[in-house]
Amino acid sequence: MLNRVSLRQMEYFVATATHGSIAAASAQIHISSPSISAAIAHLESELNVQLFVRHPSKGLGLTAIGTLVLRQCEDVLDQSSRLYEIASDSSDVMQGVLRVGSFQSLTAMIAPEVIFGFSRAFETVEVEMVEGDQVVLMNKIRALEIDLAITYDLHLGDDIEFETLATLPPYVLVSELHPLAQEKAVTFEELAAQPYVLLDLPMSREYFTSLFAKAGVTPNIVARSRSEEVVRSMVANGIGYALFNVRPKSNQALDGKRMVRVRLAGTNRPMQLGLATYKPMKQSRLTRVFMERCRAYISDQYIPGMSAARFFDPHIAAP
């Protein structure tokens, strides 16, 4: 019997049962609705059972026999995935698909060396990278759409495992002609009256505004953007200063105008850069090996694409 039912058909059935409708399953696994419908119809025909009850207002509900079939299909799929893991663990060949999430402000610096360098090191590994803000990445981890994420310790939740690799303290970014450009360090009180350009990403904005709140001042927000490069360009063109944690080696905006980093006075909560994984999910060998690579390439001593944490440039070099 089972030789007439494919693993792929079982996967489509399990996805439909999990998400409650063919349309929702189609959106999640990126397979057309007709293909999923055909797979379910084939299963019902081969097993001679009705798997779903179709409710016009509530979508699909499993029948009693459908629930039993679902459990068996999940077991078969789990066992089949373990076959590949066992084979991979017993050989020196690293293979498979690795789905890595990357916090978008980190991607330009981290991705070439850490993420795609991994696929160059293991030619039989296919790396799929997903960029996003923290909300997007956490949702994709929980939906099992990515295996792990290189991100920050922002609102993770009890179901997320986070391993810190490096600490990124906040700093002030200003144009080379800004009144504060020559300062050794600045306080939040000095910044309060100055125009502020906010990096307006979910959870990131709460982090930055919390720094002002702790200092007892309110920032003078004059512009905002979800794009790091747009914020940097506005800073370089004198629209205002910005706060950042990432430290690109270049001190030029995309239009060529120069900026400088200035130290924030006092003790301020840093961002923790690290690896986020889903606690209920056992990590594959492929994921574990990639995490080892991240530990080797990301630390307080070195982060790909970033300048050292101790480097500040309050004095402008002659062009």
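In this text, all values refer to a predicted model and were calculated from it rather than measured experimentally.

Right, let's get into the side chain of Thr 16. Following the sequence through the fold, Thr 16 ends up in helix H1 (residues 7–19). A relative accessible area of 0% places Thr 16 in the buried class. For Thr 16, the residues in contact, after removing those within four places along its chain, are Ser 21, Ile 22, Ala 25, Ile 36, Ile 40, Phe 52 and Leu 60.

Our next topic: the domain arrangement of the protein chain. One can read the domain layout of the protein chain as domain 1 (7–79), domain 2 (96–167 + 271–297) and domain 3 (170–264). Computed from C-alpha atoms alone, the centre-to-centre distance between domain 1 and domain 2 is 30 Å.

Moving on, we come to the pattern of salt bridges. Opposite charge on two side chains allows them to pair when their charged atoms are near. Taken as a whole and judged by the stated rule, the model has 14 salt bridges. Glu 229 is the salt-bridge partner of Arg 232, the closest N and O atoms lying 3.8 Å from each other. Taken together, the residues span about one helical turn, with Arg 232 and Glu 229 both in helix H9 (residues 228–236) at a distance of 3 residues. Judged by relative accessible area, Arg 232 falls into the buried class, the value being 5%. Across the salt bridge formed by Glu 292 and Arg 295, the nearest N and O atoms sit 2.6 Å from each other. In this pair, Glu 292 and Arg 295 both sit in helix H10 (residues 285–297), 3 residues apart, roughly one turn of the helix. In this structure, a network of salt bridges that share partners links the residues Asp 200, Arg 205, Glu 206 and Arg 224.

Rules used in this analysis
- Residues numbered from 1 in each chain as written.
- Predicted model: local features only at pLDDT ≥ 70, side-chain atom pairs only at ≥ 80, totals over all residues.
- Heavy atoms only, no water.
- Helix = DSSP H or I, 4+ residues; strand = E, 2+ residues; numbered from the N terminus.
- Buried < 20%, exposed > 50% of the residue type's maximum accessible area, 1.4 Å probe, protein only.
- Contact = heavy atoms within 4.5 Å.
- Domains from an automatic or database assignment.
- Salt bridge = Lys/Arg side-chain N within 4 Å of Asp/Glu carboxyl O.

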